[in-house]
Amino acid sequence: MQLSAILESAPITDPEEEAFVVFSQALPSQSLGIIDAHAEALELSVAGRDLVIQQSRGLLTSDRKAGTTGAVVWAVTPRFAEWMASSTNVLFTSGLLSSSSTCIELGSGISGIVALTLGVKIASFTATDQDYAMKLLRQNVASNLDAVFPAPNKGAKGKKRQPSNPNSERIKAEIFDWEEDSVEQLQPVDMVVACDCIYNEALVEPLNNTCAAICNLNKDATEPTLCIVAQQLRSPDVFETWIKSFHRLFHMWQVPDRYLDEDLRENSGFVVHIGIVR
């Protein structure tokens, strides 16, 4: 397969062995991985762009039964966004992704960090999550647009700058619940991203099935849709459940260290996989 040649590694054939090897590394103690649960706003520099991300401590600690994990920024997110937006990222240098590519992210949470950094490099990026995350997600995307797409300078003296950024349509935030919603409402894309969405065994099958269904929307295209999954390594049992399920639906590769930034490599506590639907 083309990815085997690009990554210079064979696809995973034994998901249980892969799970064992991944959790045999020295994992640093990182707790759950929230950057700062108490901060109302985080100032982060990601991929050369200074972002201010609003969080919701109240939502995180609420008793919302459907989950609240998307209310804050998790440690893997800026690391993954930095790597994805890098000019040396193997997906771009190999031509698998380009400025004309399209992407959808599942479980974006409130930050919009991956959308804001990768959205600059491709034609369009749609960040999705449940309704509870939309207000802050849309706010964070809108308030940081000028940081990632510098707006035109003021014209002649007395003229005001345009009220909205002309690139605002390239990065969108839409409601999509992978447990409830049908992919029929979605457009085919070149890439599906799931960043730190694997922490609960009950969500594994719906997430993987949705990833596969979205990839299948593009089945008649010349190039298959890529599915990229980045995660913090927390529970060996949850990870093994995920990888066995994902492997059933996808040909999959772990991205080798030589193609990752240092803080995503072995012993970092994070891992990145790429899949092509079977």
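Looking at an unreviewed UniProt entry, the chain carries the name Nicotinamide N-methyltransferase, with the source organism given as Didymella exigua CBS 183.55.

**Q** Help me out: how do you make sense of unusual backbone geometry in this one?
**A** Most peptide bonds adopt trans geometry, and most residues besides glycine take a negative phi value. Backbone geometry at E8 places phi at a positive 55 degrees, although glycine is not the residue there. Within the fold, E8 resides in the loop between helix 1 (2–7) and helix 2 (15–22).

**Q** Honestly, the sheet that holds strand 6 (residues 191–195) in this entry has me stumped. Any pointers?
**A** The strands making up a sheet are joined through hydrogen bonds of the backbone, oriented either antiparallel or parallel. Taken in spatial order, the seven strands line up as 5-4-3-6-7-9-8 in an open sheet, and their pairing is mixed. Each edge of the open sheet carries a strand with a single partner, namely strand 5 (171–175) and strand 8 (250–254). Sheet twist, expressed as the average angle between the axes of neighbouring strands with direction ignored, equals 20 degrees. This element, helix 9 (residues 236–249), spans strand 7 (226–232), strand 8 and strand 9 (270–277) of the sheet and lies at about 130 degrees to strand 8.

**Q** How should the nonpolar core be read in this particular structure?
**A** One broad trend across soluble globular proteins is that nonpolar side chains are buried collectively. F80, M84, L91, M191, L226 and V272 are the most contacted members of the largest nonpolar core, which has 59 residues in total. The biggest single contributor to this core is helix 7 (residues 131–148), with eight residues. Discounting residues that sit within four places of it in the chain, F80 has contacts with V114, V193, C195, I228, A230, L264 and V272. Formed by 35 residues, the second largest nonpolar core is a distinct cluster that contains I104, V189, I243 and M252.

**Q** I would appreciate a short explanation of the pattern of salt bridges in the present structure.
**A** Side chains that differ in charge, positive against negative, can pair when their charged atoms come close. Per the stated rule, a full pass over the model turns up seven salt bridges. A salt bridge links R234 to D196; the shortest N-O distance between them is 2.9 Å. In this pair, R234 sits in the loop between strand 7 and helix 9 while D196 sits in the loop between strand 6 and helix 8 (201–216), placing the two residues 38 residues apart along the sequence. When its relative accessible area of 26% is taken as the criterion, R234 is described as partly exposed.

**Q** Hey, could you run me through the pairing of strand 6 in this one?
**A** Looking down a regular strand, the side chains alternate between one sheet face and the other. Counting buried residues in strand 6 gives five out of five residues, a clear majority hidden from the surface. Of the pairings in the sheet, the one linking strand 3 (residues 102–106) to strand 6 comprises four bridges and is parallel in character. Bridge pairing in strand 6 links E105 to V193. The pairing of strand 6 with strand 7 spans five bridges and is parallel.

**Q** It is not clear to me how helix 4 (residues 76–84) should be interpreted in this structure. Could you clarify?
**A** What sets the pattern is the α-helix's 3.6 residues per turn: residues three or four places apart point alike. The element helix 4 is extensively covered by neighbouring structure, given that seven of its nine residues are classed as buried. Of the residues making up helix 4, those classed as buried are V76, T77, P78, F80, A81, W83 and M84. If you follow the buried residues of helix 4, they end up packed against strand 1 (41–46), helix 5 (90–93), helix 6 (113–118), strand 6, strand 7 and strand 9.

**Q** Would you mind showing me how to read the packing of helix 8 against helix 9 here?
**A** The relative placement of two packed helices comes down to the angle between their axes together with the axis-to-axis distance. Viewed as axis vectors pointing N to C, helix 8 and helix 9 meet at an angle of 25 degrees, and their least axial separation amounts to 9 Å. Here helix 9 runs roughly parallel to helix 8, going by the angle between their axes. In this structure, helix 8 crosses over helix 9, and the sense of that crossing is right-handed. Here E201, V204, E205, N208, N209 and A212 of helix 8 come into contact with helix 9, specifically with D237, V238, T241, W242, S245, F246, R248 and L249. Of the residues contributing to the contact of helix 8 with helix 9, the split by class is six nonpolar, four polar and four charged.

About the thresholds
- The residue numbers shown here count from 1 along each chain, following its written sequence.
- The model is predicted, so local features are restricted to residues of pLDDT at least 70 and side-chain atom pairs to those at 80 or more, both for listing and for counting; the totals for chains, interfaces and linings are taken over all residues.
- Here the side-chain values reflect all heavy atoms present in the structure, with hydrogen atoms and water set aside.
- Runs of H or I in DSSP of at least four residues are treated as helices and runs of E of at least two as strands, each being numbered from the N terminus.
- When DSSP finds at least two bridges between two strands, those strands are taken to pair.
- Working convention: axes come from line fits to C-alpha atoms, limited for helices to the stretch in contact. Angles between N-to-C directions cover 0 to 180 degrees.
- Note on contacts: a residue pair is in contact if any heavy atoms of the two residues lie within 4.5 Å.
- Buried Ala, Val, Leu, Ile, Met, Phe, Trp, Tyr and Cys residues that are joined via side-chain atoms within 4.5 Å together make up what is termed a nonpolar core.
- The rule is simple: take the accessible area with a 1.4 Å probe, protein chains only, and divide by the maximum for that residue type; under 20% is buried, over 50% is exposed, in between is partly exposed.
- Salt bridge, as used here: a side-chain nitrogen of Lys or Arg that lies within 4 Å of a carboxyl oxygen of Asp or Glu.
- Orientation categories follow fixed angle ranges, with anything under 35 degrees roughly parallel, anything over 145 roughly antiparallel, 65 to 115 roughly perpendicular, and all other angles oblique.
- Rotating anticlockwise by less than a right angle from the far helix to the near helix defines a left-handed crossing, while the corresponding clockwise rotation defines a right-handed one.
- Here the term charged refers only to Asp, Glu, Lys and Arg, the term nonpolar to Ala, Val, Leu, Ile, Met, Phe, Trp, Tyr, Cys and Pro, and the term polar to all other amino acids, Gly among them.

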